[in-house]
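Architecture at a glance
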Amino acid sequence: MISKKFSGFRHRIAAGMVGEGSECLGFDDPISRDHDWGPGFCLWLDDNDFDEIGKPLQSAYDQLPRMFMGFVRKPGPLSNGKVGVFKTSDFYKRFVGLAHAPETLLQWVRQSDESLCACTSGDVFSDPLGRFSRIRQILLDFYPEDVRMFKIACRCAACARSGQYNFMRCAKRKEIFAAAYALHDFCSGLMGLVFLLKRRYSPFFKWKHRATRELGALGAAVHDQVNTLMRIRKDEDKQAIVESLSLSVINELKNQGLSDSNSDFLLDHSLSVQSRISSDMLRHSDVWGDH
């Protein structure tokens, strides 16, 4: 289609499948294929090329067969914007808030793991100009080390607050919702910590636990312990697993030289990690915020 209708732009169009969804993470299964699934891809253009051929290229894309190799595209009510023709700049603005990769520490700190995971998942099939891939590679190279440490410090503080401090206090008060919320918040935060320690972006919550299993021995151990934590009933047994999970992360912090605290409380390690940050701004910023 591109060769016949847009031959003059053939070597200017990037193509791939990148963005949100289980298909970009490699997690498709029969359940995920009941909606918003099937043959499809993304085409990325620079701004000038998009102004010239964006609309006719999208029209030609829309006319492609809905069936390919026996699979039928099943668009969902919220599927607009996942496949089709995009400006490279608009694609990154959607996830990063910028038409380019973050350039300052503050721009990096404001990024969410989930958004960065979305725009670095999947695959780029062709990128003759290299513009889409250059931005993507900067993101794939992960957070600057000061930002990674700051996010680790924030996550340690949050996990200490939710799992090590508040879970049992809520359980003893018979505050069932608050206890359950604290426990789930702890698990999500701790898995996010493993991703940061492994220099990977954590995905949307639905896939975070499954993806944790793929992060080496630490990720596999945390995945299994979280599974057990979700199944057992006694609060005392749950708290014991919370402490075990916390210790696993503490050991990795020490292995990476990010903390020298001998405490078993993650908040103390949060402060130790933050003290190692070079940037004055991040070294003195509040770790209790949502970063």
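Residues numbered from 1 in each chain as written. Predicted model: local features only at pLDDT ≥ 70, side-chain atom pairs only at ≥ 80, totals over all residues. Heavy atoms only, no water.

**Some words on the overall build of the protein**
The helix and strand tally for the protein stands at 14 helices and six strands. When its C-alpha atoms are laid out on the principal axes, the protein stretches across 65 × 45 × 30 Å. Only carbon and sulfur atoms are counted for the fraction: they give 52% of the accessible area of the protein, which is about 15,100 Å². Taking the average place of the 39 positive charges on the side chains of the protein and the average place of its 36 negative ones, the gap between the two points comes to 3 Å. (Helix = DSSP H or I, 4+ residues; strand = E, 2+ residues; numbered from the N terminus. Areas by Shrake-Rupley, 256 points an atom, 1.4 Å probe, with all protein chains shown as cover. Lys, Arg positive; Asp, Glu negative; His and termini not counted. Charge placed at Lys NZ, Arg CZ, Asp CG, Glu CD.)

**Let's talk about a negative patch on the surface**
On the surface, Asp-47, Asp-51, Glu-52 and Asp-90 cluster together into a negatively charged patch. When residues in the negative patch are grouped by element, the largest group, three residues, is from helix α3 (residues 47-62). Relative to the assigned elements, Asp-51 resides in helix α3. The class of Asp-51 is exposed, set by a relative accessible area of 57%. (Patch = residues over 30% accessible without salt bridge, like charges linked within 9 Å, V, L, I, M, F, W, Y side chains within 5 Å. Salt bridge = Lys/Arg side-chain N within 4 Å of Asp/Glu carboxyl O. Buried < 20%, exposed > 50% of the residue type's maximum accessible area, 1.4 Å probe, protein only.)

**Let's talk about helix α8 (residues 145-172)**
For α8, built from 28 residues, the straight-helix expectation of 40 Å at 1.5 Å per residue is met to within 8% by its first-to-last C-alpha distance of 40 Å. Asn-166 marks the point of greatest bend in α8, at about 55°. Once α8 finishes, Lys-174 follows within two positions and takes phi at roughly 65°, a positive value. (Expected span 1.5 Å × (residues − 1). Bend = angle between axes of the 7 residues up to and from the residue.)

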